[in-house]
Amino acid sequence: MKIMIRTISVLFLVLSFTPSHAFKGHEFYEVRTYYFENKDQENLLDQYLQNALLPALHRMKINKTGVFKPIDNDTSSLKRIIVFIPYQQEKDFFSLEKQLDKDQAYTTSAKEYWNTVSTAPPYKRFEKVLLEAFPKMQVSKKPSLSSPVADRVYELRSYESATEKLYRNKVEMFNEGGEVALFERLNFHAIFYGGVLAGSKMPNLMYMTSFENMDDRNAHWKTFTADPEWKKLSALPQYQKNVSKADIILMRETAYSDL
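About the thresholds
Residues numbered from 1 in each chain as written. Predicted model: local features only at pLDDT ≥ 70, side-chain atom pairs only at ≥ 80, totals over all residues. Heavy atoms only, no water. Helix = DSSP H or I, 4+ residues; strand = E, 2+ residues; numbered from the N terminus. Contact = heavy atoms within 4.5 Å. Areas by Shrake-Rupley, 256 points an atom, 1.4 Å probe, with all protein chains shown as cover. Lys, Arg positive; Asp, Glu negative; His and termini not counted. Charge placed at Lys NZ, Arg CZ, Asp CG, Glu CD. Buried < 20%, exposed > 50% of the residue type's maximum accessible area, 1.4 Å probe, protein only. Pairing = 2+ DSSP bridges. Axes fitted to C-alpha atoms, helices over the stretch in contact; angles between N-to-C directions. Salt bridge = Lys/Arg side-chain N within 4 Å of Asp/Glu carboxyl O. Parallel < 35°, antiparallel > 145°, perpendicular 65-115°, else oblique. Nonpolar A, V, L, I, M, F, W, Y, C, P; charged D, E, K, R; others polar. Core = buried A, V, L, I, M, F, W, Y, C linked by side-chain atoms within 4.5 Å. Phe/Tyr/Trp six-rings, centres within 6.5 Å; stacked < 30°, edge-to-face > 60°. Lys NZ or Arg CZ within 6 Å of the ring centre and 35° of its normal.

Visitor: Let's hear about the overall build of the protein: which residues, and what values?
Guide: When its secondary structure is counted, the protein shows 9 helices and 8 strands. Dimensions along the principal axes, computed over C-alpha positions, put the protein at roughly 70 × 55 × 35 Å. In the protein, the share of contacts with a sequence separation of at least 24, taken over all contacts with a separation of at least 6, comes to 81%. Per element, the accessible surface of the protein, about 14400 Å² overall, is 55% carbon and sulfur. Taken together, the 35 basic and 32 acidic charged side chains of the protein have centroids lying 5 Å from each other.

See below:
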């Protein structure tokens, strides 16, 4: 009997000190943005992503990588390709480059990309953002859209807060406050929600929703802003002024993207 009590006590202590992020299915995300200036760079990036990086990620069992191009790419002087990569563990983000270096098929397929010279680089610059999934949506989802890929609209939003306290307040609003549940009820086809752990615009959070087409996107947001639950939530005193800046990017998915 004493042995059983001691065993139960030890088990209780182990469970009590288990890190909150250690539970199964809690994802981390990378949002990578490549900035490029011309068609040659775009073609080389597409070739690298389609033929080298995504196949290597698939061999690592990372099968929900999204690759997107903003709708305003054609008119922008500095164009972008945005890549979303989900990881099962935070350490997978930090070990990715080492894993790629060990992948012979990857190094062969990426040879043209890696061997570019300084006078003809494959991009202007690129940046990475590391995120942790929200508690109310711990795993990213592939949206169930039925329209042609060329018509679909993916919306990436970044909400910056003036202080860390206000940032945490906005994260709480999404989770305990019910904003994530509201998006789900209104069928926004969310792909992920995440708090930024490392990036250039701290403190902030990011999330991505998806729609059949632009008219569908506009109709969803019109319904959202008119929803009584949103009006009530957004009017609560404890959730005021917790976003200081919102960046909105409307995108199309590439033909080789997983999503």
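Here the narrative resumes, following the displayed structure.
Visitor: Requested: an account of unusual backbone geometry, with residues and values cited.
Guide: In this structure, the amide linkage connecting Met 202 to the following residue, Pro 203, adopts the cis form with an omega of -10°. With respect to the helices, strands and loops of the structure, Pro 203 is situated in the loop between β6 (192–198) and β7 (204–211). Even without glycine at this site, Lys 61 takes up a positive phi of about 70°. Note on placement: Lys 61 falls in the loop between α2 (39–59) and β2 (66–70). Backbone geometry places His 189, a non-glycine residue, at a positive phi of 50°. Note that His 189 resides in the loop between α7 (179–185) and β6. On the basis of relative accessibility, which here comes to 25%, the residue His 189 falls in the partly exposed class.

Visitor: Account for helix α6 (residues 164–174), naming residues and giving values.
Guide: Among all positions in α6, only Tyr 167, Asn 169, Lys 170, Val 171, Met 173 and Phe 174 are buried. Against β5 (153–160), α7, β6, β7 and α9 (228–235) lie the buried residues of α6.

Visitor: Just give me the short version of the sheet that holds strand β1 (residues 28–36), but keep the residues and values in it.
Guide: Each strand in a sheet pairs with another by means of backbone hydrogen bonds, the pair being arranged parallel or else antiparallel. Spatial strand order, β1-β3-β2-β8-β5-β7-β6-β4: 8 strands in a closed barrel with antiparallel pairing. Put simply, the sheet's adjacent strands are angled 35° from each other on average, direction ignored. Sheet strands touched by α6: β5, β6 and β7. Its angle to β7, the strand with the most contacts, is close to 35°.

Visitor: Describe the side chain of Glu 155, and please don't skip the residues or the numbers.
Guide: As for its position among the elements, Glu 155 is in strand β5. For Glu 155, a relative accessible area of 0% puts it in the buried group. Not counting the four nearest positions on each side in its chain, Glu 155 is found in contact with Tyr 207, Met 208, Thr 209, Phe 211, Arg 217, Trp 221, Ile 248, Ile 249 and Leu 250.

Visitor: Please set out the pattern of salt bridges residue by residue, giving values where relevant.
Guide: Inspection of every chain in the model, using the stated rule, returns 13 salt bridges. Across the pair Glu 42 and Lys 39 runs a salt bridge whose closest N-O atoms are separated by 3.3 Å. Pair noted here: Glu 42 and Lys 39 are both in helix α2, with a separation of 3 residues, about one helical turn. By relative accessible area, which is 11% here, Glu 42 ends up buried. Taken together, the salt bridges that share partners define one network made up of Lys 39, Glu 42, Asp 46 and Lys 69.

Visitor: I'd like a rundown of the packing of helix α8 (residues 214–226) against α9, residues and numbers included.
Guide: Orientation of α8 relative to α9, taken along the N-to-C sense of each, is 60°, at an axis distance of 5 Å. It follows that α8 is oblique to α9 by the angle criterion. Contact residues: α8 offers Phe 224, Thr 225 and Ala 226, while α9 offers Pro 228, Trp 230 and Lys 231. Along the lines of polarity and charge, the residues of the contact of α8 with α9 split into 4 nonpolar, 1 polar and 1 charged.

Visitor: Could you give an account of the nonpolar core, with specific residues and numbers?
Guide: Tyr 34, Tyr 48, Leu 49, Ile 81 and Tyr 106 are the most contacted members of the largest nonpolar core, which totals 25 residues. Contributing elements (two or more residues each) for this core: β1, α2, β3 (79–87) and α3 (90–101). Ranked by residues supplied to this core, first place goes to α2 with 8 residues. Here Tyr 34 is in contact with Leu 45, Tyr 48, Leu 49, Lys 79, Arg 80, Ile 81, Val 83, Tyr 113, Tyr 123, Arg 125 and Phe 126, once residues within four sequence places are set aside. One finds Phe 174, Leu 205, Trp 221 and Leu 233 within the second-largest nonpolar core, a separate group that totals 22 residues.

Visitor: Describe in detail the packing of aromatic side chains, supporting the description with residues and values.
Guide: All chains considered together, the criterion is met by 31 aromatic pairs. With a centroid separation of 5.2 Å and 85° between ring planes, the pair formed by Tyr 123 and Phe 126 is classed as edge-to-face. Through a chain of ring-to-ring contacts, three or more aromatic side chains come together here, namely Phe 134, Tyr 159, Phe 174, Phe 183, Phe 188, Tyr 193, Tyr 207, Phe 211, Trp 221, Phe 224 and Trp 230. When the ring centre of Trp 221 is taken as origin, the NZ or CZ atom of Arg 157, which lies over that ring, is 3.9 Å away.

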